[in-house]
There are 2 protein chains.
Amino acid sequence: MSRRYYGPDFPKETYIAHAYPESTVDLGEVVLNYAVTGSESSPALLLVPGLAESWWGYEAAMKLLEADLQIYAVDVRGQGRSSRTPGRYTLDNWGNDLVRFIERVIKRPTLVAGQSLGGLMAAWLSAYAPPGLVRAVYLEDATLFTSELVPAYGTGMRQFAPGYLFNLFMTYLGDQWRVGDWKGMQSNAPSMLPAWMQGRIPAGDEPPQSLKEFDPEHARAMFTGTAMAGCSHKLMLQSAKTSMLFTHHARGIDPETGIVRGATTDSQVSYARQLVEKAGQRFDYLSLPEKGHILHQEDTPLYASILKDWALHVA
Amino acid sequence: MSRRYYGPDFPKETYIAHAYPESTVDLGEVVLNYAVTGSESSPALLLVPGLAESWWGYEAAMKLLEADLQIYAVDVRGQGRSSRTPGRYTLDNWGNDLVRFIERVIKRPTLVAGQSLGGLMAAWLSAYAPPGLVRAVYLEDATLFTSELVPAYGTGMRQFAPGYLFNLFMTYLGDQWRVGDWKGMQSNAPSMLPAWMQGRIPAGDEPPQSLKEFDPEHARAMFTGTAMAGCSHKLMLQSAKTSMLFTHHARGIDPETGIVRGATTDSQVSYARQLVEKAGQRFDYLSLPEKGHILHQEDTPLYASILKDWALHVA
């Protein structure tokens, strides 16, 4: 059996070149990797990828947005070329990394758009960033409530399709790729996933690029609930201090297993809206049921047009 | 039965005047209360009280130190006049509050001295603050390892004398004083504490001032382990980035119950020293077995002389 190992200790196996130059900043606990494009005279925008996506997942979107916005796209801790921090992957820590990043690198009030887990970080910043740092946030199909082990509304991680993938990743890849059993993951996946999820198992002899750059401990932190420990989504949404845009992509509940497909359910988003509006903040909602989870990759022109409209509206 | 309620919603019942004027700063999630004294031309020192102590526990020490240092003493979140944040009392959050405080209020490299839980926050800052913010840290009888539910070395919270008090507080006082059964706590304490701890139950018809200013949810967060979730003391000490002074006061292990008395054991501190020195940082140790847990109150002149020597040595 051939094991596969990736991450900062195996740079040759892990990283490839990208269209934009990369920079790093030392934030104390972690060194964060990022790319920047656009003019300082445009509004600042921070792009935060979801779990297992690196900053360059936004490359195509950056091309469409750089004329109008100054864009910073980051690798969060544990992804891409940013530091690995075993035992320290929590929403509070991810959020505070971004606070330090905005303060030290962007240095002005910022729009924040995050996808999936990155969307949760955007919501976190709305709630918990220091005053004046964040202007507004856009949650692209964020996994509100579904990514908690015990959510305040609806079902959570153990009845959530990605949870099944996370269990697979944590078992066969291991923290920091210590297990690295890519083939074992592929061959055991059928027994660990519901029938309708079989198509989601990454094929090929080696992991896709974004997964190579991922610390599989993220999957464990999500599946076991430590990632959200101390950061209830309900409390977070109740503390919103900026307006929020939510785009909601394909979703539903598998009637046979009760498993939530997509990022979060209609009723969970509706509860989120109540909480944010009760906090005195505007909540804009756009339903895109025919679009997949990562809109900025699947339909970049639509994503860019939504984002531009939002950014101009907020400005 | 008469219930007693305290905290920011009951200011008349809770707060009293102090020798130094108080100020507040909005850090985003929390408003922090603090006092400052001394000259801007002296080195900056941040004082961080332990659990159930407010900034003014340092008043006597401030008088002895203000000629040589510019001193900032804070109420951490959930204590004194600072914000209550139900569900959000973690070492990572306390630590990041202090990062924001140093950046926004002190605004220059700072010496940090904390007692007990405040000493853990000092260690956290050494490990995880942004570069250049913290010059050196002094851990006054910090509860290293003992305040974790599952420590990497030695025994933890459930075999730790304060854990028994925390269980009492969380049961009879309740999060944000919702239970407020002060008399019930006193009358049930004998059955919940080992014989040799009976003297530690606060007497009197009402709580001592420092306890009135305390959110009893701190006790629950400590006893149940959520306070340290995501922040292993071992990982933290391994990440030390400044020198550390540790003063170790009266301690021991009760042979009959196995319960740790004092802040932490000799062998736990010795393990901490190994970790810090392996991280390339100096670890100074001073054993004061005849002194109680809060040296800065019990023997203020000795505390002030230790602190001054340390501050000058570091400078």
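See the structure printed just above.
Residues numbered from 1 in each chain as written. Chains lettered and ligands numbered in written order. Predicted model: local features only at pLDDT ≥ 70, side-chain atom pairs only at ≥ 80, totals over all residues. Heavy atoms only, no water.

Residues and elements named next belong to chain A. Spatially, the eight strands line up as an open sheet ordered β1-β2-β4-β3-β5-β6-β7-β10, and their pairing is mixed. Looking at strand neighbours, the two that pair on one side only are β1 (23–26) and β10 (283–287), the edges of this open sheet. On average, each strand axis in the sheet is tilted by 20 degrees relative to the strand beside it, whichever way the strands run. Relative to strand β6 (residues 134–140), strand β5 (residues 110–115) is paired through six bridges, and the arrangement is parallel. Bridge pairing in β6 links Gln115 to Glu140. Sitting on the sheet, helix α4 (residues 117–128) is in contact with β3 (44–48), β5, β6 and β7 (243–248), with an inclination near 145 degrees to β5. Packed on one face of the sheet, helix α10 (residues 266–278) meets β7 and β10 and runs near 160 degrees to β10. (Pairing = 2+ DSSP bridges. Helix = DSSP H or I, 4+ residues; strand = E, 2+ residues; numbered from the N terminus. Axes fitted to C-alpha atoms, helices over the stretch in contact; angles between N-to-C directions. Contact = heavy atoms within 4.5 Å.)

So, about the packing of helix α3 (residues 91–106) of chain B against helix α4 (residues 117–128) of chain B. The description of two helices packed together rests on the angle between their axes and the distance between the axes. Residues and elements named next belong to chain B. For the pair α3 and α4, the least separation of the axes is 9 Å and the interaxial angle reads 65 degrees. By the criterion of interaxial angle, the relationship of α3 to α4 is roughly perpendicular. Taken as a pair, α3 and α4 cross one another with a handedness that is right-handed. Where α3 abuts α4, its residues Leu91, Asp92, Trp94, Gly95, Asn96, Leu98, Val99 and Ile102 lie against Leu117, Leu120, Met121, Trp124 and Leu125. Classifying every residue of the contact of α3 with α4 gives 10 nonpolar, two polar and one charged. (Parallel < 35°, antiparallel > 145°, perpendicular 65-115°, else oblique. Left-handed = near helix turned anticlockwise from the far one by under 90°. Nonpolar A, V, L, I, M, F, W, Y, C, P; charged D, E, K, R; others polar.)

When chain A is fitted to chain B, the best match, at an RMSD of 0.0 Å, comes from turning it 180 degrees and sliding it 0.0 Å along the axis. The transformation relating the two chain copies, once decomposed into turn and shift, fits a two-fold axis. (Least-squares fit on C-alpha atoms with pLDDT ≥ 70 in both.)

Now for the packing of aromatic side chains. Residue and element names in this part refer to chain B. For the structure shown, the criterion picks out 28 aromatic pairs over all chains. Judged by centre distance (5.7 Å) and plane angle (45 degrees), the rings of Phe145 and Tyr271 are tilted. With Phe145 in the loop between β6 (134–140) and α5 (161–172) and Tyr271 in helix α10 (residues 266–278), the pair connects residues that are 126 residues apart, well separated along the chain. Classification of Phe145 as buried rests on a relative accessible area of 0%. A relative accessible area of 15% means that Tyr271 is categorised as buried. (Phe/Tyr/Trp six-rings, centres within 6.5 Å; stacked < 30°, edge-to-face > 60°. Buried < 20%, exposed > 50% of the residue type's maximum accessible area, 1.4 Å probe, protein only.)

Bringing unusual backbone geometry into the picture now. With the exception of glycine, most residues fall at negative phi, and the peptide bonds are largely trans. Residue and element names in this part refer to chain A. Despite not being glycine, Asp141 shows a phi value in the positive range, around 45 degrees. Take Asp141: it is sitting in the loop between β6 and α5 (161–172). Despite not being glycine, Gln176 has its phi angle at roughly 50 degrees, a positive value. In this structure, Gln176 sits in the loop between α5 and α6 (182–192).

Contacts between chain A and chain B engage 23 residues on the former and 23 residues on the latter. Both sides together, the interface formed by chain A and chain B hides about 1,900 Å², and carbon and sulfur atoms give 45% of it. When residues of chain A are sorted by the area they lose upon contact with chain B, Arg88, Arg100 and Tyr128 of chain A head the list and together hold 27% of the total. Our enumeration of links across chain A and chain B arrives at four salt bridges. Glu103 of chain B is paired through a salt bridge with Arg104 of chain A; the nearest N and O atoms lie 2.3 Å apart. Inspection of the chain A/chain B interface yields 16 residue pairs in polar contact (both at pLDDT 80 or more). At the level of elements, α3 (91–106) and α4 of chain A are the ones that each hand at least two residues to the side of chain A that touches chain B. (Buried area = accessible area lost by both parts, 1.4 Å probe. Salt bridge = Lys/Arg side-chain N within 4 Å of Asp/Glu carboxyl O. Polar contact = N/O pair within 3.5 Å; in protein donor to acceptor, adjacent residues only side chain to side chain.)

Moving on, we come to the pattern of salt bridges. Should their charged atoms come close, side chains of opposite charge can pair. Overall, the coordinates contain 36 salt bridges over all chains when judged by the stated rule. Its salt-bridge partner being Asp97 of chain A, residue Arg77 of chain A comes within 2.7 Å of it at the nearest N-O pair. Of this pair, Arg77 of chain A sits in the loop between β4 (70–74) and α3 while Asp97 of chain A is found in helix α3, placing the two residues 20 residues apart along the sequence. We classify Arg77 of chain A as buried; its relative accessible area is 2%. We note a salt bridge from Arg251 of chain B to Asp266 of chain B, for which the minimum N-O separation is 2.7 Å. Residue Arg251 of chain B is found in the loop between β7 (243–248) and β8 (252–253), and its partner Asp266 of chain B is found in helix α10; the two are separated by 15 residues along the sequence.

All names here are of chain B. As for its placement among the helices and strands, Trp56 is situated in the loop between β3 (44–48) and α2 (59–65). Overall, the relative accessible area of 15% leaves Trp56 in the buried class. Note: C-alpha distance between Trp56 and Ser210 (154 residues apart in sequence) is 9.1 Å. Reaching out from Trp56, the side chain makes a polar contact with the side chain of Glu213 at a distance of 3.0 Å.

Attention now moves to the sheet that holds strand β4 (residues 70–74) of chain B. Residue and element names in this part refer to chain B. With mixed pairing, the eight strands of this open sheet are ordered in space as β1-β2-β4-β3-β5-β6-β7-β10. Of all strands in the sheet, those with a lone pairing partner are β1 (22–26) and β10 (283–287), marking the two edges. Geometrically, the sheet is characterised by an average inter-axis angle of 20 degrees between neighbouring strands, direction not taken into account. Note that β1 and strand β2 (residues 31–37) share five bridges and pair antiparallel. If you follow Asp26 over to β2, its bridge partner there is Val31. In the packing of α3 onto the sheet, contacts are made with β1, β2, β3, β4, β5 (110–115) and β6, and the angle to β3 comes to roughly 145 degrees. The strands that α10 touches are β7 and β10; relative to β10, the one it contacts most, it runs at about 160 degrees.

Let us now look at the environment of Thr90 of chain B. Residue and element names in this part refer to chain B. In this fold, Thr90 is placed in the loop between β4 and α3. Accessibility expressed as a relative area gives 6% for Thr90, which makes it buried. Taking the C-alpha atoms as reference points, Thr90 and Thr226, 136 residues apart in sequence, are found 6.7 Å from one another. When neighbours within four sequence positions are excluded, Thr90 is seen to be in contact with Thr226 and Ala227.

Time to look at the state of the cysteines. The tally for this structure, following the rule as stated, stands at zero disulfides over all chains. With no disulfide of its own, Cys231 of chain A lies closest to Cys231 of chain B among cysteine sulfurs, the gap being 16 Å. (Disulfide = S-S within 2.5 Å.)

Moving on, we get to the side chain of Asp97 of chain A. All names here are of chain A. According to the relative accessible area criterion, Asp97 is buried, its value standing at 5%. Among the polar contacts made by the side chain of Asp97, one reaches the side chain of Arg77 at a distance of 2.7 Å. Discounting residues that sit within four places of it in the chain, Asp97 has contacts with Leu27, Val30 and Arg77.

This brings us to the pairing of β7 of chain B. All names here are of chain B. For β7, the tally of buried residues reaches six of six residues, placing the bulk of the element in the interior. Neither face of β7 is open: one carries Ser243, Leu245 and Thr247, the other Met244, Phe246 and His248, and all of them are buried. The sheet contact formed by β6 and β7 spans five bridges and is parallel. Paired with Val137 across the two strands is Met244, which belongs to β7. The pairing of β7 with β10 spans five bridges and is parallel. Looking across to β10, one finds that Leu245 is bridged to Asp284.

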